[in-house]
Structures are given as structure tokens and as C-alpha cells.
Amino acid sequence: MALVPTPTPVTEEPVIAEVDMGSESAATTVRATVVQASTIFYDTPATLDKAERLISDAAGYGAQLVVFPEAFIGGYPRGSTFGVTIGSRSAKGKEDFRKYHSSAIDVPGPEVERLAAMAGKYKVYLVMGVIEREGYTLYCTVLFFDSQGRYLGKHRKLMPTALERVIWGFGDGSTIPVYDTVVGKIGALICWENRMPLLRTAMYGKGVEIYCAPTADGRDVWQASMTHIALEGGCFVLSANQFCRRKDYPPPPDYTFTTSFGEEDLSPDSVVCPGGSVIISPSGTVLAGPNYDGEALISADLDLGEIARAKFDFDVVGHYSRPDVLSLIVKDHPTTPVSYMSTAPKAESL
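Residues numbered from 1 in each chain as written. Predicted model: local features only at pLDDT ≥ 70, side-chain atom pairs only at ≥ 80, totals over all residues. Heavy atoms only, no water.

Defined as follows: UniProt positions are given in the numbering used here, feature names are shortened, and annotations may be inferred rather than shown by experiment.
An unreviewed UniProt entry annotates the protein chain as cyanoalanine nitrilase of Papaver somniferum. Per its UniProt entry, the protein chain bears the Sequence similarities (unreviewed entry) comment "Belongs to the carbon-nitrogen hydrolase superfamily. Nitrilase family." UniProt, in the comment section headed Catalytic activity (unreviewed entry), describes the protein chain in these words: "3-cyano-L-alanine + 2 H2O = L-aspartate + NH4(+)".

Written as C-alpha cells, this is what we have:
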């Protein structure tokens, strides 16, 4: 596991004191780490063990906030079609979904409790990409934990991309949180959700300061999106992606890649997800990364004073907004397919 260094050395003293984030005191500094590592596919217990090792390593380097990639727990099924063609689904594809469903986690559930314990043990704020299971529907979800070991809540991916819509359900407006913590206001959107202007605006409206962007997009163009969001939102952007080789997935025929290059062109060491994890400041400066070299912990010290300096130039939901011309309404209530109306209690007969 490589460590991508930052210019500021780690001291033995806490990097940030628990202060009122809205006070006029000098800018505080938060050490943040984005994890670039692969799931152990179809093995959730082993993936949790790996997550703990990575969190321990990050905390050992002074991290106060640790951000994991999209679908780290449960796995991103890269290259899989789940046997889907228009009008039919294959028997193998259905079995692939059964195994994938089995690797997902319930929220709340024992895996969530373990992740909360990790956050408390290593005294870090934790942002973790998971595949959430609710009944027989799966969601691509981000979980949030505080440094006291408490589960704060979740964000469900609002709009899965392309074939993801076959295997994942859709989130709703009730899980677009921003948490006000002693290390800043933390929120997250997942992968190509970050390209949805209105969804980003909903996050800005909640005052997000540390904008987490777990992703599965390792293309160079992703960096342009991350820089734009940092500038647009006047916030720090922390994007975490997996770095995966073909050997990080089960071998064929148990797991088959159907991609532009094809399974037959892949060796065990072929890179199937190149990473590109990055940390960017509100001014658009790249603080750490992007890393395309392998599994790594990518860290930077975030000077929270940069937020005010950036918003002096441009505050997208403040002095640079025109609500008399353009405004956004967010439907932030839960949506459920079935609602049961309780009958009124019957009066007791005399």
C-alpha cells in the first residue's frame, strides 16, 4: 500500500481542536485521506477486514477524515452484464445477481455496526461506499460515521448510470444529507451524480464544505469535473476510486468481463480500474493525486480558511445567486411504493 505524501508533516498532537466551526478564530486544518483500493469481490467479511487495515494505516498518518470509493463494501461489478439483453435474462445472470445480493449489506445491520466501531476505534470521520440491501433491491449507497463511532446516516445514489439501473434501485430526496461536524460540513454524491447540476446545487444549498465524490470513473476527464465542482461550490472535493486488476475479481467462468477489450484480452495483472483518486481545494488547486499507480492512501491537509477565501470570489447559493430569476425546489421526503393507512381504533362497545 503506497502512501502519497503531503508537504505538511504529521505531528503527535491532534491536527484540529474541537472548536465552533462558525467562529471567527483562525482557519483550522483537517487531514483527510482518500483510499484507493479494491474490494475483495464476493467476500464481504474479508473486505471489511481490509477496510479496517486501511483505516488503521490512514489514522496512523494522522487522518481525521477517511473516504472510501464507490461500492467498496459489496463491490462494483465492473464488466458484468448480469446476463441481460432486451427481453431476457440468462440463468447465469440471475445466479450472478444472487451472489451479488448476498455480498450486499443491510442498513442498519452488523456490518454497519462494525464500520461504526472502526470509526470510533481509530477516531476518524468515515465515509464508506457500500452496496445496500433492502429486501431484494440493492442500492449504491454512502454511509457516514463520526469519530465517536456513531452512524450518522446515508446517501443513496439518486441516478444509477446505464446498466447500473438493472441491478440498483434509485435513491430519493430524503437521503441527500450534509453533516455539520467539528471537521467541517461533510456530504457526498456518487460517481456521475456529480454531473447533475441541480443535485450539486442541492448540496451547495446545505452548505457542504467537504464534498466527497466516491466514484468508479477512472478516466482523465473525471478530473475536470472534480476541479469544476471545487470551484463552483467553493468546497474541498475528495474523490476516491478503486484501483483494480483482473485478478481482484473472481476468475472466469465464475465472473466474466464483457468489455470493449473482452475477457480473452485480459491477463490477471491487467488494470481494469486505474484509480485517479484526488483531493482538490476550493480554489481548484490539486492538493494530492490524481494517482494512477496502484492501491494507495492519498492524503492532504485541508485549510478550512480556503473556503471563505474562495466564496469571496463566488458563492453559488449566496451573493452570486439570483433567486428572483432562478431557484431550485428539492422534494426531500421519502418515497415508498406502498403506504398503509392505519384504521382508527374502534370504540369499545358498552
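Text resumes after the structure shown.
## Points about the overall build of the protein chain
The condition that has to hold: Strands here mean DSSP runs of E at least two residues long; helices mean DSSP runs of H or I at least four residues long; both are numbered from the N terminus. When a residue's accessible area, from a 1.4 Å probe over protein chains only, is under 20% of the maximum for its type it is buried; when over 50% it is exposed; and in between it is partly exposed.
Regarding its fold elements, the protein chain presents seven helices and 17 strands. Among the 350 residues that make up the protein chain, the fraction classed as buried is 51%.

## Focus on the pattern of salt bridges
Short version of the rule: Salt bridges are defined as contacts in which a side-chain nitrogen from Lys or Arg sits within 4 Å of a carboxyl oxygen from Asp or Glu.
Applying the stated criterion across every chain, the model contains 22 salt bridges. Each of D49, E52, R114 and K121 takes part in one network of salt bridges that share partners.

## With respect to the sheet that holds strand β10 (residues 184–188)
The pairing of strands in a sheet happens through backbone hydrogen bonds and is either parallel or antiparallel. The criterion, for reference: For two strands to pair, DSSP has to find at least two bridges joining them. In this analysis, axes come from line fits to C-alpha atoms, helices being fitted only over the stretch in contact, and the angle between any two N-to-C directions falls in the range 0 to 180 degrees. In what follows, residue pairs with any heavy atoms lying within 4.5 Å of each other are defined as contacts.
In space, the six strands of this open sheet follow the order β9-β10-β11-β12-β15-β16, with mixed pairing throughout. Of all strands in the sheet, those with a lone pairing partner are β9 (178–181) and β16 (286–291), marking the two edges. Each neighbouring strand pair of the sheet contributes to a mean axis angle of 15 degrees, computed without reference to strand direction. Looking at chain direction, strand β11 (residues 210–212) and strand β12 (residues 236–239) are connected through three bridges and run parallel. Residue pairing for β12: Y211 is matched across the bridge by V237. In this fold helix α6 (residues 221–233) packs onto β11, β12, β15 (277–280) and β16, with an angle of close to 25 degrees to the strand it touches most, β15.

## Things to note about the state of the cysteines
Put simply, the rule reads: Note on terminology: disulfide denotes any pair of cysteine sulfur atoms within 2.5 Å.
Considering all chains together, one arrives at zero disulfides under this definition. Not engaged in a disulfide, the cysteine C140 finds its nearest cysteine sulfur in C191; these two sulfurs lie 8.0 Å apart. For C140, a relative accessible area of 2% translates into the label buried. The structure places no disulfide on C235, whose sulfur is separated from the nearest cysteine sulfur, that of C212, by 9.8 Å.

## Some details on the pairing of β16
As paired strands, β15 and β16 are joined by three bridges and run antiparallel to one another. Counterpart to I279 in the pairing with β16 is A288. Following β15, the chain reverses through five residues before pairing antiparallel with β16; G284 in that reversal takes a positive phi of roughly 90 degrees.

## Observations regarding the environment of L138
Relative to the elements of secondary structure, L138 occurs in strand β7 (residues 137–145). Put simply, L138 and F170 are 32 residues apart on the chain and 9.0 Å apart in space, counted from C-alpha to C-alpha. When sequence neighbours within four positions are dropped, the list of residues in contact with L138 reads F97, Y100, H101, A104, I131, E132, R133, I167, W168 and G169.

## Points about the UniProt feature "active site" (unreviewed entry) in the protein chain
Under the UniProt annotation, the feature "active site" (unreviewed entry) is placed at E70. Structurally, the position occupied by E70 is in the loop between β3 (65–67) and β4 (84–85).

## A word on helix α1 (residues 44–60)
So the rule is basically this: Here, expected helix span is obtained from the residue count minus one, scaled by 1.5 Å. Two N or O atoms count as a polar contact when they lie within 3.5 Å, although within protein this holds only if one can serve as hydrogen donor and the other as acceptor, and sequence-adjacent residues are included solely when both atoms are side-chain atoms.
For α1, which comprises 17 residues, the first-to-last C-alpha distance of 24 Å matches the rise-based estimate of 24 Å (1.5 Å per residue) to within 8%. For α1, the complete set of buried residues consists of T44, T47, L48, K50, A51, E52, L54, I55 and A58. Capping the start of α1, D43 holds a side-chain oxygen 3.1 Å from the backbone nitrogen of A46, two or three residues further along. Of the residues flanking the end of α1, it is G62, one or two places downstream, whose phi is positive at about 95 degrees.

## Some details on the nonpolar core
Here is the rule: Residues belong to a common nonpolar core when they are buried Ala, Val, Leu, Ile, Met, Phe, Trp, Tyr or Cys residues joined through side-chain atoms within 4.5 Å.
In terms of nonpolar packing, the biggest core is built from 47 residues, with L65, I186, L238 and L302 touching the most fellow members. In this structure, I186 is in contact with L65, Y125, V127, F144, P177, V178, Y179, T181, V208, I210 and C212, ignoring residues within four places of it in sequence. Counting 27 residues, the second-largest nonpolar core is a separate cluster that includes V66, F68, I105 and M128.

## With respect to a nonpolar patch on the surface
This is how it is decided: Nonpolar side chains (Val, Leu, Ile, Met, Phe, Trp, Tyr) within 5 Å and like charges within 9 Å form the patches, drawn only from residues with over 30% relative accessible area and no salt bridge. Per-residue and other accessible areas were derived by the Shrake-Rupley procedure at a 1.4 Å probe size, with only the shown protein chains allowed to occlude residues.
Taken together, the side chains of L198, L328 and V330 present a nonpolar region at the surface, about 250 Å² in accessible area. Following the sequence through the fold, V330 ends up in the segment after α7 (305–313). By relative accessible area, which is 38% here, V330 ends up partly exposed.

## Observations concerning the packing of aromatic side chains
So the rule is basically this: Under the pairing criterion, centres of Phe, Tyr and Trp rings, with the six-membered ring standing for Trp, must be within 6.5 Å; the plane angle then separates stacked pairs below 30 degrees from edge-to-face pairs above 60, leaving the rest tilted. Geometrically, a lysine NZ or arginine CZ counts as sitting over a ring once it is within 6 Å of the ring centre and also within 35 degrees of the ring normal.
Inspection of every chain in the model, using the stated rule, returns 15 aromatic pairs. With a centroid separation of 5.0 Å and an interplanar angle of 55 degrees, the aromatic rings of F68 and F72 are classed as tilted. Overall, the relative accessible area of 0% leaves F68 in the buried class. Taken together, F41, Y42, F82, Y100, Y249, Y255 and F257 form an aromatic cluster joined through their ring pairs. Over the aromatic face of Y139 sits the side chain of R156, whose NZ or CZ is 3.7 Å from the ring centroid. The ring of W192 carries the charged tip of R195 above its face, separated from the ring centre by 4.2 Å.

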